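Residue-level listing of the chains:
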Amino acid sequence: MSEGTGGTPPRTLAEALRTQGDDSLAALLRARPDLLNPVPGDLSQLATRAGTRASVVRALERLDRFTLQTAEALAVAPEPAPYDTLRALLTGDEGDERIEAALPTAVATLRDQALIWGADDRLRLVRTARELLAPSATHPSPTGLGPTVAEATAGMSPGRLQEILTATGLPSTHDPVSAVASLTALFTDRTRMAALLDTAPMEALSVLDRLVWGPPYGEVTSSPTPPVRWLRDRGLLLPATTRTVVLPREAALHLRAGRAHRKPEPAAPAVAPRTEGAASGSAAARAQAGRFLPPAARAEAARPETARPQVVDSTAAGQAFTALATIEELAKDWNEGGPNVLRAGGLSVRDLKRTATALDVTEPVAAFWVELAYAAGLLASDGETDERYAPTPAYDDWQERPAPERWAHLATAWLTATRTAGLVGSQDSKGRTLAALGTDLDRGPAPEVRRRILELLATLPAGTAPDPESLLARLRWERPLRGASAAGRSDDLRGRLAAWTLNEAEMLGITGRGALSSHARALLDGDGPVTDTGTGTDRSPAHPTAHPAGRLSPAGLRAAHALAPLLPEALDHVLLQADLTAVAPGPLLRPLAELLSVAAEVESKGGATVYRFTPGSVRRALDAGQSASDLHEFLKNHSRTPVPQPLAYLIDDVARKHGHLRVGVASAYVRCDDEAVLDEILADKRSQGLRLRRLAPTVLAAHADAGALLEGLRTMGFAPAAESADGDVMITRAHAHRTPPRAAPAPVPDGPPTPDRTLLSAAVRAIRAGDMAATVVRRPVPEPTASGSATLSAAAAMSAGLSAADANGALPRTTSAETLATVQAAAMTGSAVWIGYVNADGAASQRVIAPVRVEGGYVTAYDHTADEVRTYPLHRITGVAELADDPA
């Protein structure tokens, strides 16, 4: 960072920001978008906002592990710290070339994000960051270091300090400050410190070994053991409370050979390919099993598990086709109105189980498909009084699109959604069970984790599946503070999101056999190849992947184009068999699939779907308006095999009985031209519940409604048909219930969105202009000599809307005549002036303007603060002053 104004080092963060260029400010605002809400008025406001606790915590959470370790080391270093001191804390006495190579990048990242400032010889951590990262009794440091000698001895009696100096062989001093300085110098002198520790008992060194890497605090009794007493007498253990002691920071650094962290991690851990012997089971179990393998077998099992890219793509494409079929099956199940919406929102446990049974999947998997359809805008609540879930009108439009585009729509919705299906069934902080489609399933980090995992998979060779443990280790390195747990436990949110992402990507067809498919690579944003940079920088997309109104982005269209050759083509035929079944060897065209779903029952699914014709299914087709001849002709045209005789007999037999009886509404009635059939119905004991009576030789009346009468007669073995008021056979088709037009749920962002280039450019210009108005050098305004002039200036200020406090503030004060003359002169010379201005709401501000025209009581000028041409009433200008240096 360059020096401050006049070649002097910057004294504050605001001064340091003033030395930076526009590109650096734009990079800061891009990395920390929370600083833009609202846009700061000047660089002082920007620096103040960058130092607030909430903003600093958010910035620290987005640092990778080594950059965070650098900030932690700087928090335990003296302030200001030279670069060499920081490097020594990270590399230790022995040095480390990897750390020395990575340290400049980490320092630059901290400086770009305004977490540190100052030149390399005077690095300063932002005060709030130091408070968060520096060790204290209530907040241990991640470094494991304790307080300094000066901090630990604060409040200690001067006599006790002199006793410590005497025990360590140091000369006594006349005041506590020099005593602390003498003890600190001893602990930081490697030679003298080593000589002191050489005289320590072995038990005392064992005590130090237990404290050296933290936590540095230990409990003691009122009568400590001789090793602890030896350490206390020499200040190697200093009292923290009446029952605890602490190892001072300087002594711990000596024992650590100058290293602040036990294990610095300057490089990101590589994502390793999954080995053939590591496909399942825990790491400990695999290691235990591997010990019993011969050397050749162990080498074979340790080979990377790599499939041919064609196999990965075909596997993923098959799963993508299954995903489309599952969403269609779900919408079909909810076609006439799905489950009721709970009062608190969401899907009940019973309805989720029923949906899982209908889809033939487990409940967690059913929750994923339901949430995916909801996130894609294909399902929603209908908003009626008896509120239910149902397909949306967008679902019908989605169905009409080609299969690859339908999959791309689902994939992009999954990639950008913050709704997290993996949380279904768990409990929130209040102990309430989270329901599918509920209101508490949004998790802001979900899109970032999903995208980052796909990007890491893209860095592996095509067809290579990652080792999950190495993938999780990489995510933890990139965002060590975002997880709720340490040491890689799986209960942190990002760890669970990563595990769910791998499973969901496989179900959706983004991965195949654990490896990223070619159509998923096309789905990732960016035109160039994905490379592993080894940093944890933010990779949020510059533009959304999904477009409004169901349109696909260029990335989505590329993914659909890459998937198209891999999906099977829809077939227009089936294979009819003599056992009353039809085999569909692949996906069917929609008209054929819809008719078979009505006229036959699905017996099995898979690569080939098996349909079975039954009397009930054929009757269902006849109820839907098909005739026997229509069914014969349709099956003949769409079967590669002849229509089997048993199937033809089944259709004719059901059709012959179908409509022989007519049911209408009296409450209900039955009519039939064959009186013997009606006699048979009346004689059957099963008809007693229908309460039938004969109205005419060919007509029976019933107290039951028409639907119950139809169902009762069918149970008795008859095949009645419903009749309209006009005496015609009623055609019953499934009623498709749709919600009103609904938009897909908007993702809940994890903090402010990343600003685009236009916003950044405008914000930087506004901050620069406001800072210039606040810091510009102005010529002194002469004080009014006459009391009348002073009174006139105050009156002008009051008429402009200033309060008495504002009138005595820092705004320039000139009379109306002086203001008019100065502004006219500036307009003629093209120079800029500094004005005080009060708007119609009474808010006062300072502005730097370049007057262009003065007429009619108004001045038209270019406002450097707002970066635009504006018009100001002269009576609202409290005063004007010329600039010492014209900024224009």
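Residue positions within a chain follow its written sequence, with the count starting from 1. Local features in a predicted model are, by the rule used here, given only for residues with pLDDT of at least 70; side-chain atom pairs are given and counted only at 80 or more, and totals for whole chains, interfaces and linings are based on all residues. To get the side-chain values, take all heavy atoms of the structure and skip hydrogens and water.

A.B. asks: Give a detailed account of the environment of aspartate 42, specifying residues and quantitative values.
C.D. replies: For aspartate 42, the position within the fold is in the loop between α2 (22-31) and α3 (43-50). Relative accessibility decides the category of a residue: with a 1.4 Å probe and only protein chains considered, values under 20% of the type maximum give buried, values over 50% give exposed, and everything between is partly exposed. The exposure class assigned to aspartate 42 is buried, which follows from its relative accessible area of 12%. The sequence separation of aspartate 42 and threonine 775 amounts to 733 residues, and the corresponding C-alpha distance is 9.3 Å. The definition of a polar contact used here is a pair of N or O atoms within 3.5 Å, where within protein one atom must be able to donate a hydrogen and the other to accept one, and adjacent residues in sequence count solely through side-chain atom pairs. Of note is the side chain of aspartate 42, whose polar atom sits 3.0 Å from the backbone nitrogen of serine 44. Numbering goes from the N terminus for both helices and strands, where a helix is a DSSP run of H or I of at least four residues and a strand is a run of E of at least two.

A.B. asks: Tell me about helix α29 (residues 615-623), and please be specific about residues and values.
C.D. replies: Taken as a whole, α29 has its buried residues at Ser617, Val618, Ala621, Leu622 and Asp623. Those residues of α29 that are buried lie in contact with α28 (590-599), β12 (601-604), β13 (609-612), α30 (628-637), α31 (645-657) and α33 (706-715). Positive phi shows up at glycine 625, right after α29, with a value of about 110 degrees. Contact definition: two residues touch when any of their heavy atoms are within 4.5 Å.

A.B. asks: Describe the packing of aromatic side chains, naming the residues involved and giving the relevant values.
C.D. replies: Stacked, edge-to-face and tilted labels apply to pairs of Phe, Tyr and Trp rings (six-membered ring for Trp) whose centres lie within 6.5 Å, assigned for plane angles under 30 degrees, over 60, and everything in between, in that order. Under the defined criterion, the tally for this structure stands at four aromatic pairs. Geometrically, the ring pair formed by tyrosine 837 and tyrosine 872 is edge-to-face, given 4.9 Å between the ring centres and 75 degrees between the ring planes. With a gap of 35 residues between them, tyrosine 837 in strand β19 (residues 833-838) and tyrosine 872 in strand β22 (residues 868-873) connect regions that are remote in the sequence. Each member of the pair, tyrosine 837 together with tyrosine 872, is buried. Two thresholds decide whether a charge sits over a ring: the Lys NZ or Arg CZ must be within 6 Å of the ring centre and within 35 degrees of the ring normal. Above the face of the tryptophan 398 ring, arginine 406 is positioned so that its terminal group lies 5.4 Å from the ring centre.

A.B. asks: Describe the side chain of arginine 419, and please don't skip the residues or the numbers.
C.D. replies: When you line up the elements, arginine 419 lands in the loop between α22 (403-416) and α23 (446-458). One polar contact links arginine 419 to glutamate 371, side chain to side chain, over a distance of 2.6 Å. Here glycine 438 takes part through its backbone oxygen, which lies 2.7 Å from a polar atom of the side chain of arginine 419. Excluding residues within four positions of it along the chain, arginine 419 makes contact with Glu371, Tyr374, Leu437, Gly438, Leu441, Asp442, Arg450 and Pro745.

A.B. asks: I'd like a rundown of the pairing of β13, residues and numbers included.
C.D. replies: Moving residue by residue along a regular strand, the side chains alternate between the two faces of the sheet. Note that strand β11 (residues 581-584) and β13 share four bridges and pair antiparallel. The residue bridging alanine 584 from the neighbouring strand is threonine 609, located in β13. In the sheet, β12 pairs with β13 via three bridges, with the strands oriented antiparallel. Bridging from a neighbouring strand, valine 602 pairs with tyrosine 611 of β13. We call two strands paired when DSSP finds no fewer than two bridges between them.

A.B. asks: Tell me about the packing of α29 against α31, and name the residues and values.
C.D. replies: To get an axis, a line is fitted to the C-alpha atoms, and for a helix only the part in contact is used. The angle between two axes follows their N-to-C directions and goes from 0 to 180 degrees. Where α29 contacts α31, the axes come no closer than 10 Å and their chain directions differ by 60 degrees. Classified by the angle between their axes, α29 and α31 sit oblique to one another. The chirality of how α29 crosses α31 is right-handed. Contact residues: Pro615, Val618, Arg619 and Leu622 in α29; Leu650, Ile651, Val654 and Ala655 in α31. Residue classes follow a fixed rule: Ala, Val, Leu, Ile, Met, Phe, Trp, Tyr, Cys and Pro count as nonpolar, while Asp, Glu, Lys and Arg count as charged, and any other residue, Gly among them, counts as polar. Residues that form the contact of α29 with α31 fall into these classes: seven nonpolar, no polar and one charged. Oblique is the label for every angle not falling under 35 degrees (roughly parallel), over 145 degrees (roughly antiparallel), or within 65 to 115 degrees (roughly perpendicular). If you view the pair so one helix is near and one far, a crossing is left-handed when the near helix is turned anticlockwise from the far one by less than a right angle, and right-handed when it is turned clockwise.

A.B. asks: Requested: an account of the sheet that holds β12, with residues and values cited.
C.D. replies: The strand order across the open sheet formed by four strands is β10-β11-β13-β12, and the pairing between neighbours is antiparallel. Two strands in the sheet have a free side with no partner beyond their single neighbour: β10 (575-577) and β12. Adjacent strand axes in the sheet meet at a mean angle of 30 degrees, parallel and antiparallel pairs treated alike. Direction of pairing for β10 relative to β11: antiparallel, over a ladder of three bridges. Looking at β11, one finds that glutamine 577 is bridged to threonine 581.

A.B. asks: Go over the side chain of serine 617, please, and point to the residues and values.
C.D. replies: Inspection of the secondary structure assignment puts serine 617 in helix α29. Take serine 617: its relative accessible area is 0%, and that puts it in the buried class. Within the structure, serine 617 has its side chain in polar contact with the backbone oxygen of alanine 599 (distance 2.8 Å). When residues no more than four places from it in sequence are discounted, the contact partners of serine 617 are Val598, Ala599, Ala600, Glu601 and Arg612.

A.B. asks: Lay out the sheet that holds β22 with the relevant residues and their values.
C.D. replies: Pairing is antiparallel in the open sheet, where five strands are placed in the order β22-β21-β20-β19-β23. Here the strands that pair on one side only, and so sit at the sheet edges, are β22 and β23 (877-882). On average, each strand axis in the sheet is inclined to that of its neighbour by 45 degrees, with strand direction left out of account. Pairing of β19 with β23, which is carried by five bridges, proceeds in the antiparallel orientation. Within β23, the position partnered with tyrosine 837 by the bridge is isoleucine 877. Across the sheet, helix α37 (residues 816-829) lies against β19, β20 (844-855), β21 (858-863) and β23, angled at about 65 degrees from β20, the strand it touches most.

As far as function goes, none of this settles anything; it's purely spatial.
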